[in-house]
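Understanding the architecture of this molecule
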Amino acid sequence: MGLLFVESLPGPKVFKCRRCKVDSASHDAIISKDFNGRYGRAYLFKSVVNISLGPNEDRHLLTGLHTVNDIYCSCCQQILGWRYEKAYDEGQKYKEGKYILEKARMLKEGW
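Calculation criteria
- Residues numbered from 1 in each chain as written.
- Predicted model: local features only at pLDDT ≥ 70, side-chain atom pairs only at ≥ 80, totals over all residues.
- Heavy atoms only, no water.
- UniProt positions renumbered as here; feature names shortened; annotations may be inferred.
- pLDDT = per-residue confidence, 0-100.
- Helix = DSSP H or I, 4+ residues; strand = E, 2+ residues; numbered from the N terminus.
- Core = buried A, V, L, I, M, F, W, Y, C linked by side-chain atoms within 4.5 Å.
- Buried < 20%, exposed > 50% of the residue type's maximum accessible area, 1.4 Å probe, protein only.
- Contact = heavy atoms within 4.5 Å.
- Pairing = 2+ DSSP bridges.
- Axes fitted to C-alpha atoms, helices over the stretch in contact; angles between N-to-C directions.
- Patch = residues over 30% accessible without salt bridge, like charges linked within 9 Å, V, L, I, M, F, W, Y side chains within 5 Å.
- Areas by Shrake-Rupley, 256 points an atom, 1.4 Å probe, with all protein chains shown as cover.
- Salt bridge = Lys/Arg side-chain N within 4 Å of Asp/Glu carboxyl O.
- Lys, Arg positive; Asp, Glu negative; His and termini not counted.
- Charge placed at Lys NZ, Arg CZ, Asp CG, Glu CD.

For the protein, the name recorded in an unreviewed UniProt entry is Protein yippee-like, with Cocos nucifera as its organism. As stated in UniProt under Sequence similarities (unreviewed entry), the record for the protein gives "Belongs to the yippee family."

Written as structure tokens, this is what we have:
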């Protein structure tokens, strides 16, 4: 099976997977706190760690059609949110390559 490489994030404010407590994102990587996910409020991040990507999927979201990949915790495989692969609306292109993490799936450490 092999060893699992887990990246630890520096800094006092870190978001962690609620299930296994592995680091997922830094507070400094937040772009916006004004998003909604499957399970309620969500944050848009420019970067995340310790995740694996699901396959590309076209999904109709509140802001229109997007191609997204679900993102999973690399340690426990809990679904954490999704990554925007492609936005079809010109006004939504800023989301491409960015990540949504659902607040309900995260713990805050150092707050």
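Details of the confidence of the model for the protein
Residues at a pLDDT of 70 or more form 97% of the protein, whose mean pLDDT is 94. Averaged pLDDT values for the elements of the protein fall to 94 in strand β9 (residues 106-109) and rise to 98 in strand β8 (residues 99-102).

Overview of the nonpolar core
One finds F15, F45, L80 and L101 to be the most contacted residues of the largest nonpolar core, which totals 16 residues. Every element with two or more residues in this core is listed here: β1 (14-17), β4 (40-45), β6 (64-73) and β8. Setting aside residues up to four positions removed in sequence, L80 forms contacts with C17, S24, I51, I71, Y72, C73, I100, L101, E102, R105 and M106.

With respect to the UniProt feature "domain: Yippee" (unreviewed entry) in the protein
In this structure's numbering, the residues bearing the UniProt feature "domain: Yippee" (unreviewed entry) are residues 13-110. Along residues 13-110 one finds 0% helix and 61% strand; the C-alpha atoms at either end are 5 Å apart.

With respect to the environment of Y94
Residue position: Y94 is located in the loop between β7 (79-87) and β8. Separated by 14 residues in the primary sequence, Y94 and L80 have C-alpha atoms spaced 21 Å apart. When near neighbours in sequence (up to four residues on either side) are disregarded, Y94 contacts F35 and L44.

A look at the side chain of S26
Secondary-structure assignment places S26 in strand β2 (residues 23-26). Take S26: its relative accessible area is 17%, and that puts it in the buried class. Non-local contacts of S26, meaning those with residues more than four positions away in its chain, are made with L9, K13, F15 and F45.

Digging into the pairing of strand β3 (residues 30-37)
Sheet analysis places β3 next to β4, joined by five bridges and oriented antiparallel. Among the inter-strand pairings, S32 is bridged to a residue of β4, identified as L44.

Examining the sheet that holds strand β5 (residues 51-61)
Taken in spatial order, the six strands line up as β3-β4-β8-β7-β6-β5 in an open sheet, and their pairing is antiparallel. Taken across any chain shown, the strands that pair with only one partner, and hence form the sheet edges, are β3 and β5. Neighbour to neighbour, the strand axes of the sheet diverge by 30 degrees on average, direction disregarded. Of the pairings in the sheet, the one linking β4 to β8 comprises four bridges and is antiparallel in character. By the bridge assignment for β8, F45 is matched with Y99.

Observations regarding a positive patch on the surface
There is a patch of like positive charges on the surface, built from K13, K33, K103 and K108. Along the chain, K33 falls in strand β3. Residue K33 is classed as partly exposed on the basis of its relative accessible area, which comes to 45%.

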